[in-house]
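Results of the structural survey
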Amino acid sequence: MSEAGTNQTINAIVAGEPYLELPDNLYIPPDALEVCLEEFEGPLDLLTYLIKQQNLNILDIPIRMITEQYVEYIEKMDQLRMELAAEYLVMAAMLAEIKSSMLLPKQASILDAEDDPRAELVRRLQEYERFKLAAEDIDELPRLQRDNYVASADLISDVSDKPLATVDLELLVGAFKGVLQRLDMNSHHKIQRDELSIRDRMAAIMQTLTSSSDLLFSFDTFFVLSEGRQGVVVSFMAILELAKEELIIIMQSSPLGGIWVKAVVDE
Amino acid sequence: MNKELKCIVEAALFAANKPLSLTDIKRLFAGDEQAVELDLVSVINELQNEYASKSIELIETASGYRFQVKAKYSPWMARLWQEKPVKYSRALLETLAIIAYQQPVTRGEIEELRGVAVSSLIIRTLQERDWIRVSGQKEVPGRPALYKTTNAFLDYFNLCTLEQLPSLSSLKVDL
């Protein structure tokens, strides 16, 4: 097999004329080969590529030349240890078969398209090309999530105005236990802390609740795991204290759902 | 009344979050069906005209009518989300094209046309997207599944019918 572009002997006979030099656009640098091999969607695609690359007439494919190039490609795939699908080998066999039947002596008069051993291959290549183009057409159609986006508007119903259910103490304690458990997972963080004041923490929580535009805060917001067990206990005590003084409301949107904290706003 | 009717149709199309067919819309006015029947199409036309100068359009696809952002604004819309729009592989698009144009079609027929095995992943992806479905079995040995495209496929690609697909090039294509 000749290395493309380097061989000066007759490379192929195209439409009855010998090709001494391969067309300029035929030479494909080895690196490019690596890049594009994976791009091919099977043997038909690879063949179509080879034929187009050289502006060959699909109805008069120089089988020897194409077969050589084709085999060169699949050998390259093999070298690169790419998974060489059986389809590629089937096509190589088909090309060889076509070539061999073309070599068989024929009565000159009946060499029309019907008897051309290439006819079936040409039909498949043309058929594949149609769907390849159709796939490109479909890709160009305007489509959702790329060209168009569904426009919708929320239906504002009364649902959101319903007061959220209050939380019973057991659930609150449960949620706190969750915090403590997560804390245990972080227990290797040994942090020395000054004694924390519940008063200060209450003030800090109120500050958070009233200074933000958010109305609801997740129960978990107020626990900083890095403060250690003492820190989260102080937070919990502060939340309970604030609830007792009716400065905050603790609620839950659904059973087992998240617990939320909100400041009481004086009307 | 007509003005209010138009507002209700407009609101429903925005609130539904999926295409609404004329039947769906008619159902909103279960009380006085007769009065509505004549007007609905013209109401939709009127809405379409009103939106002509806006960034949003009212279009008809296989499943019905929907409001959508006009394609010319997509470059800006895309920046609303972190992920880039999905790019579909050639293998997937070719498989989809064969199903769309040749339906109903078996896996074997797709493989014959493409010259390679059809990956199960692609068929599954197309089914998960609800773009294709099994429409029956071909009465040949093995009774292979026959695949068809769905209305969701047409909706996604802004089409009302399969006839609106770009026409398949003629067989004698110049390679």
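Structure: see above.
These notes cover the structure that comes with them.

All right, on to the overall build of chain B then. Per the secondary structure count, chain B includes eight helices and five strands. Mapped in sequence order, the helices and strands of chain B form the string α-α-α-β-β-α-α-β-α-α-β-β-α. Taking contacts inside chain B between residues at least 6 apart in sequence as the whole, the part at least 24 apart equals 49%.

Turning our attention to the pairing of strand β2 (residues 64-69) of chain B. Examined bridge by bridge, strand β3 (residues 149-150) of chain A and β2(B) share two bridges and lie antiparallel to one another. Its bridge partner being in β2(B), A:Val150 is matched across the sheet by B:Gln68. Note that strand β1 (residues 56-61) of chain B and β2(B) share six bridges and pair antiparallel. Following the sheet pairing, B:Glu60 is matched in β2(B) by B:Tyr65.

Sheet architecture is open: three strands sit in the order β3(A)-β2(B)-β1(B), paired in antiparallel fashion. At either margin of the open sheet sits one strand with a lone partner, and together these are β3 of chain A together with β1 of chain B.

Attention now goes to unusual backbone geometry. In this chain, B:Gln103 is followed by B:Pro104 through a cis amide linkage whose omega measures -5°. Secondary-structure assignment places B:Pro104 in the loop between α5 (90-102) and β3 (105-106). Phi at A:Gln145 is positive, roughly 65°, even though this residue is not glycine. Looking at the secondary structure, you find A:Gln145 in the loop between α5 (119-140) and β3.

Facing 36 residues of chain B, the contacting portion of chain A comprises 39 residues. Counted by class, the side of chain B that touches chain A contains 26 nonpolar, six polar and four charged residues.

Bringing the sheet that holds strand β5 (residues 145-149) of chain B into the picture now. Residue and element names in this part refer to chain B. Across the sheet, three strands lie side by side as β3-β5-β4; this open sheet has antiparallel pairing. The two strands at the open ends of the sheet, each matched to only one other strand, are β3 and β4 (132-137). Sheet analysis places β4 next to β5, joined by five bridges and oriented antiparallel. Residue pairing across strands places Val-134 opposite Tyr-147, the latter belonging to β5.

Residues and elements named next belong to chain A. When strand β5 (residues 217-218) meets strand β7 (residues 259-263), the two strands line up antiparallel, connected through two bridges. Note on β7: the bridge partner recorded for Ser-218 is Trp-260. Pairing between strand β6 (residues 248-252) and β7: five bridges, direction antiparallel. If you follow Gln-252 over to β7, its bridge partner there is Ile-259. Following β6, the chain reverses through six residues before pairing antiparallel with β7; Leu-256 in that reversal takes a positive phi of roughly 65°.

The biggest cluster of nonpolar side chains holds 46 residues, and the ones touching the most others in it are A:Leu47, A:Ile66, A:Ile138, B:Leu96, B:Ala97 and B:Ile98. Secondary structure elements with two or more residues in this core: α2 (43-53), α3 (63-79), α4 (86-103) and α5 of chain A together with α5, α6 (107-114) and α8 (151-156) of chain B. Residues in contact with A:Ile138, not counting those within four places in the same chain, are B:Leu93, B:Leu96, B:Ala97, B:Ala100 and B:Phe157. If you look at the next biggest cluster of nonpolar residues, it comprises 15 residues, including A:Ile205, A:Ile239, A:Leu242 and A:Val261.

How each quantity is defined
Residues numbered from 1 in each chain as written. Chains lettered and ligands numbered in written order. Predicted model: local features only at pLDDT ≥ 70, side-chain atom pairs only at ≥ 80, totals over all residues. Helix = DSSP H or I, 4+ residues; strand = E, 2+ residues; numbered from the N terminus. Contact = placed C-beta atoms within 7 Å. Pairing = 2+ DSSP bridges. Nonpolar A, V, L, I, M, F, W, Y, C, P; charged D, E, K, R; others polar. Core = buried A, V, L, I, M, F, W, Y, C linked by C-beta atoms within 7 Å. Buried ≥ 20, exposed ≤ 12 C-beta atoms within 10 Å, placed from the backbone.

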